[in-house]
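Chain residues, written in single-letter form:
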Amino acid sequence: MPSPWGMKSPTKSEVSLGGVQAAFTWTPLGRARATLKNFELTIEPGERVLLLGRSGSGKSTVLHALLGALGSTLSGTLEGSVVTNGRIGFVPQNPSDGIVAERIGRDVAFGPENLGLKREEIWRRVAAALNAVRLTYPMEHPAHALSGGEQQRLALAGVLAMEPDIMLFDEPTAMLDPLTAKHARDAIMAAVGDRTMIVVEHRFEPWLAHVDRVVVLDGGQIISDTSPAELPQLPGLWHPGMVVPQPSMLPLELFAPVGAVSDVSVENIAVDVTSRTLRGSQKIRALSGVSCRFLCGQTTAVTGPSGSGKSTLLLAASGLLRPTSGHVTPDRSSVRSDELSAGLGWVPQNPEHGFLTTSVRTEIEATSKSLGRTVDAKQVLAAVGLDRYAEAHPYRLSGGEQRRLALASALAHRPGFIVLDEPSVGQDPESWALVAGWMKGAAAAGATVVVGTHDSDLPHDHRVAVEGRS
């Protein structure tokens with residue numbers, strides 16, 4: 001396709017192995033405005049590039065462009081050209097999107113198998129990649145029995161095993177605890193070597209020592225392209241040593257719980273999770289011997305290493321997963337779905353798992369409408385910075401925008417028990433403050449708020465540490 005700027009579109013033979021040359025405009029299906037307009041970027045072979053910007057600025061879209069997904073996997077209008085030369089490895093923002101096999105060994109082997117490698121080389125790479133990301137389960141361990149953070153490490157292992165020429169990472173450490181995140185960065189940099197690397201992160205300070213170029217986006221344009229040492233203090237970025245913003249002041253009517261609120265007591269629970277596949281069933285102990293109490297009018301942070309069982313604890317406390325042993329009071333696991341949804345606001349780690357409708361506005365209204373409650377969707381969307389996307393499809397939002405939509409749609413009916421799983425992933429400082437502000441406002445209005453997180457900056461009154469599975 002000819003370039004819209006009158007320049008000759010390059011061919012793969014004109015771009016060196018590992019190089020990238022892009023000059024394009026991209027307008028997603030259903031959007032009146034282009035996400036990236038007259039966007040131009042050249043990356044030389046072997047460059048290590050950190051891609052920054054506000055939530056929704058187009059960072060993930062750039063990665064999708066380099067993958068060749070625009071106009072094919074993702075519907076919309078692409079004008080211009082995107083040329084990459086070499087094999088590309090990609091770790092997506094949502095790691096479960098990249099799982100292709102039942103077992104972790106087979107999942108990592110998928111890429112090398114498609115490269116036509118010999119069996120011995122395939123399994124050598126699989127073992128080396130799993131070891132590099134410190135995923136120590138047996139290779140027959142079910143992939144979907146992993147936690148979100150473990151799935152992120154599995155996706156990373158799959159890319160490392162392919163040994164690609166160009167490596168793309170979309171928030172690769174966002175759902176990992178600090179120590180595991182460091183191990184993941186070390187594994188990435190060891191694998192990158194002299195290959196080309198492009199990484200997207202909001203909390204980017206740990207990456208500055210590993211890259212030689214920082215590109216900053218805003219409004220679909222590059223506003224800064226510099227070295228890490230010269231990175232300017234641009235708004236919307238988490239800068240090293242910055243003061244974390246205070247939560248925004250949001251209208252009180254967004255928070256006041258409808259109906260009764262109560263403490264939630266968890267007494268010595270254990271949870272077994274059964275993974276069912278065509279090969280049969282396998283039971284895994286996901287949580288063991290946990291006791292804690294979540295107090296109304298306060299926020300409790302559930303913390304612990306990746307894979308320790310934080311999400312399982314949140315599910316059990318919410319009534320969405322029945323404990324194998326022990327007790328949760330009040331017990332919501334047997335109540336009708338409408339009664340459960342009336343008192344519970346559940347925000348999953350993967351936000352799209354909760355989307356039910358085809359527009360952002362109707363997503364906000366869905367639960368309240370089913371419960372016979374009223375909600376001012378316009379006010380809610382303005383509060384979380386999504387008002388301009390009211391008629392957009394939820395799947396057309398960026399990862400950070402999807403998380404804010406999941407938060408707003410789960411809490412717009414003003415439940416008394418709020419459970420959030422990694423709500424701050426993919427947020428810039430402004431949108432982070434909106435998430436933190438909603439949490440604080442709900443607790444101040446009397447709700448019981450529980451958040452599973454690796455983000456030590458999120459405001460909380462108490463902390464429950466989950467140490468690991470047994």
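One can find the structure itself at the top, above this paragraph.
These remarks concern the structure in this document. (Residues numbered from 1 in each chain as written. Predicted model: local features only at pLDDT ≥ 70, side-chain atom pairs only at ≥ 80, totals over all residues. Heavy atoms only, no water.)

## Some details on empty space enclosed by the protein
Quick note on the threshold: In this analysis the probe radius is 1.4 Å and the grid spacing 1 Å, with only protein atoms considered; a cavity is a set of points the probe fits into but cannot get out of, a pocket is an open set with protein on both sides within 12 Å along at least five of seven lines, and lining residues have an atom within 4 Å of a point. Grid points are joined across faces, edges and corners, and a volume is the space filled by probe spheres set on the points. The residue classification treats Ala, Val, Leu, Ile, Met, Phe, Trp, Tyr, Cys and Pro as nonpolar and Asp, Glu, Lys and Arg as charged. All others, Gly included, are polar.
This model, assessed by the stated rule, comprises one cavity of 30 Å³ or more. Roughly 30 Å³ of volume is contained in the largest cavity. As for the largest cavity, its lining consists of Leu 254, Phe 255, Leu 411, Arg 414, Pro 415, Ile 418, Trp 438 and Ala 442. Classifying every residue of the lining of the largest cavity by side-chain character gives seven nonpolar, no polar and one charged.

## Considering the pattern of salt bridges
Applicable threshold: We define a salt bridge as a side-chain nitrogen of Lys or Arg found within 4 Å of a carboxyl oxygen belonging to Asp or Glu. Labels follow the DSSP assignment, with helices taken as runs of H or I lasting at least four residues and strands as runs of E lasting at least two, numbered in each case from the N terminus. The buried label applies to any residue whose accessible area, calculated with a 1.4 Å probe on protein chains only, is under 20% of its type's maximum; exposed applies above 50%, and partly exposed to all values in between.
Under the definition given, this model contains 17 salt bridges. For the salt bridge of Asp 225 with Arg 213, the shortest nitrogen-to-oxygen distance reads 2.8 Å. In this pair, Asp 225 is assigned in strand E9 (residues 221–226) and Arg 213 in strand E8 (residues 213–218), connecting sequence segments 12 residues apart. Among the salt bridges present, the one from Arg 293 reaches Asp 263, with a minimum N-O distance of 3.4 Å. Note that Arg 293 is positioned in strand E11 (residues 280–294) and Asp 263 in the loop between E9 and strand E10 (264–277), a separation of 30 residues in sequence. Under the relative-accessibility criterion, Arg 293 is labelled partly exposed at 48%. A residue is classified by how much of its surface remains accessible, and Asp 263, at 26% relative accessible area, is partly exposed. A single network of salt bridges, built from pairs that share partners, joins Glu 121, Arg 124, Arg 125 and Glu 163.

## Quick look at helix H3 (residues 119–132)
Convention followed: One less than the residue count of a helix, multiplied by 1.5 Å, gives the span that helix is expected to have. Think of the arc as the fan of directions from the helix axis to the C-beta atoms. Only heavy atoms matter for contacts: two residues are in contact if any of them lie within 4.5 Å across the pair.
Between its first and last C-alpha atoms H3 spans 20 Å; for 14 residues at 1.5 Å apiece the expected length is 20 Å, and the two agree. Looking at H3, one finds that the buried residues are Ile 122, Arg 125, Val 126, Ala 129 and Leu 130. The arc enclosing the buried residues of H3, seen along the axis, measures out at 125°, which places them on a common side. Facing away from the buried surface of H3 by more than 90 degrees, the exposed residues are Glu 120 and Asn 131. Elements that come into contact with the buried residues of H3 comprise helix H2 (104–114) and helix H4 (148–162). Directly after H3, the chain includes Arg 134, whose backbone phi takes a positive value near 60°.

## Considerations on the sheet that holds strand E16 (residues 448–452)
Here is the rule we go by: Note on pairing: two strands pair once DSSP finds at least 2 bridges between them. Helix axes are fitted to C-alpha atoms over the stretch in contact, other axes to C-alpha atoms as well, and angles between N-to-C directions run from 0 to 180 degrees.
Taken together, five strands build an open sheet; the order of strands is E14-E15-E16-E12-E17 and the sheet is parallel. With one partner strand each, in any of the chains shown, strand E14 (344–347) and strand E17 (462–465) form the two edges of the open sheet. On average, adjacent strands in this sheet sit at an angle of 15° to one another, irrespective of strand direction. Along the sheet face, helix H10 (residues 399–411) touches E14 and strand E15 (417–421) and points at about 170° away from the line of E14. The strands that helix H11 (residues 429–444) touches are strand E12 (299–303), E15 and E16; relative to E16, the one it contacts most, it runs at about 150°.

## So, the side chain of Ser 265
Topologically, Ser 265 is positioned in strand E10. Its relative accessible area of 12% is what places Ser 265 among the buried residues. Non-local contacts of Ser 265, meaning those with residues more than four positions away in its chain, are made with Cys 292, Arg 293, His 327, Val 328 and Thr 329.

## Describing the pairing of strand E3 (residues 48–53)
By the criterion of burial, E3 is predominantly enclosed, with five of the six residues buried. Pairing between E3 and strand E7 (residues 196–200): four bridges, direction parallel. Residue Leu 50 lies in a different strand from E7, and its bridge partner there is Val 199. Pairing of E3 with E8, which is carried by five bridges, proceeds in the parallel orientation. Following the sheet pairing, Leu 50 is matched in E8 by Val 214.

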